[in-house]
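# Coordinates in review
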Amino acid sequence: MAPRDEILSWYRAAAETLISTPTKDDPDPESTALNDLLQRQAKSLLAMHDAVKGCTPRRANESLLTRRLGDLIAISTSRFYAYRFDLLPYPWRQIHTDALILSTFHDILCYLGQSTWLDDQALDGVVEKLDRAVITAGGAGVLGAAWIERTLRLVERLCDAAQGDGEPEAPARRARRARRADAFFPPEEPYTRPALSPARTCPARRGWSLDTFEKYMNGDSPPRPVLFTDLVTTWPALTERPWKSPSYLLSRTFGGRRLVPVELGRSYVDAGWGQELVPFKTFLSRYVSPGAAGEVGYLAQHDLFGQIPCLRGDISIPDLCWSSVPLHPTDPAKNKARLRVPLVNAWFGPARTITPLHTDAYHNLLVQVVGTKYVRLYPPWSKAMRPRGEEAGVDMSNTSLLDLGVVEGWDDDQDSQGMTLEEREAARRELAAEEYWECVLGEGDTLLIPMGWWHYVRSLSVSFSVSFWWN
């Protein structure tokens, strides 16, 4: 089947699914009414589809259809501001996802009714809406994130066919061509690299079996940080599909069209910190690539591999993440329910992106794939961490009031948040008296961060890391 016909049939089946799925009992009459309105738009899109395919002369009222789809997206979007995300009723997430999907169906019908391909503006719009459904609403709904990912592959296949002779380019061939096309991210470290104390440097290990690791984790004393140098040496992300190649990453993100969440600012506790969703190519050009304006933008703690599964094939979960490990060493109340599989997150940005002193609720293997990163760690029993409290209704007790970059003099005075020189000196002496460990992670290194350990992370160069949380 030709790519154009395949994607039209795929969307038609999706609209039929939305129409035939009964509305679940919902105490909120507004969401029920909006779901009925959404199903009516799906029926109008089917009529529009059949007219495009020449099956019927009937045409939908496209002006009204466009307005109603926009209404559905706007109203469901407003609910994300009215609720904390984890308290947002599921029907609103589903309406948001389904409305964005139907909106892309409309966009595609408008273009493919006149042509066999989509222009760049249409492609950007379709990809943005589908990614927003995944990132913002979690791909909720009957069709879900898997349907969205399959749709994006079909759209990419249509794009490839339009650019060639009608035969889509295989993803592996496209990736190889991209890898040959340009240089890697620069390895330079433009800012201060902290000097490591030999007595405080995390011990480096290699050749550990799962049994050796479990014995270490469950020994007589709580585990401490360890740096492993041989856990991920065969990852494609480090070898034949290198993430240090900008063109390779662009090839795996639909020419950089895929949307990603970016943190704006030096640290998530700084005044003026914010977030935005931008195309991956915009993230690279604005924040990461040589010649970027110097603004700080960080793709941080994002499930990039759930959103873009083709990147997931470039890495694998380290065997150590399947080990039996101890619970929280000081506070049983901080233990979480056991995870079925590890949580995998991406951390990607330029030099000087940081994560302030904080703790995680899980054991963590932090893998460095591109560039270098400095990490300092303090034990859960440290008395100097000064946990934050509730801020704007959010529990921030897993984050310290201490700004390590300011205390150590690595960051400018303008980032000091009002600390005097005397206060910084006093904090530095207090921290120096505590047990702590530190290291610089290079490409292919993996750092064990035991559950509950406070840690500060600072990119020294362009840096791409992957964290694996497990318990």
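The chain goes by Jumonji domain containing 5 in an unreviewed UniProt entry, where it is assigned to Metarhizium album.

### Considering the sheet that holds strand β13 (residues 446-449)
Spatial ordering of the open sheet is given by β1-β2-β13-β8-β15-β6-β5-β3-β4, a layout of 9 strands whose pairing is mixed. Whereas interior strands pair on both sides, the edge strands pair on one side only; in this sheet they are β1 (204-205) and β4 (274-279). Contacts between helix α8 (residues 210-217) and the sheet are confined to β2 (226-228), β8 (363-370), β13 and β15 (463-470), with β13 contributing the most and set at about 35° to the helix.

### Overview of unusual backbone geometry
Even without being glycine, R352 reaches a positive phi, approximately 80°. On the secondary structure map, R352 appears in the loop between β6 (343-349) and β7 (354-358). Positive phi, close to 50°, is recorded for R386, a residue that is not glycine. Tracing the backbone shows R386 in the loop between β9 (373-378) and β10 (390-391).

### Some thoughts on the nonpolar core
One finds Y11, I108, L118, L130, W147, I148 and V155 to be the most contacted residues of the largest nonpolar core, which totals 48 residues. The set of elements that each furnish at least two residues to this core consists of α1 (3-20), α2 (29-52), α3 (62-82), α4 (90-112), α5 (120-137) and α6 (144-163). With near-sequence residues (within four places) excluded, Y11 lies in contact with I101, T104, F105, I108, L130, W147 and T151. Ranked by size, the runner-up nonpolar core spans 42 residues in total, among them V288, L304, L320 and A346.

### Points about the environment of W454
Structurally, W454 can be placed in strand β14 (residues 454-459). Given the relative accessible area of 7%, W454 is considered buried. The sequence separation of W454 and I317 amounts to 137 residues, and the corresponding C-alpha distance is 23 Å.

Cut-offs applied
- Residues numbered from 1 in each chain as written.
- Predicted model: local features only at pLDDT ≥ 70, side-chain atom pairs only at ≥ 80, totals over all residues.
- Heavy atoms only, no water.
- Pairing = 2+ DSSP bridges.
- Helix = DSSP H or I, 4+ residues; strand = E, 2+ residues; numbered from the N terminus.
- Contact = heavy atoms within 4.5 Å.
- Axes fitted to C-alpha atoms, helices over the stretch in contact; angles between N-to-C directions.
- Core = buried A, V, L, I, M, F, W, Y, C linked by side-chain atoms within 4.5 Å.
- Buried < 20%, exposed > 50% of the residue type's maximum accessible area, 1.4 Å probe, protein only.

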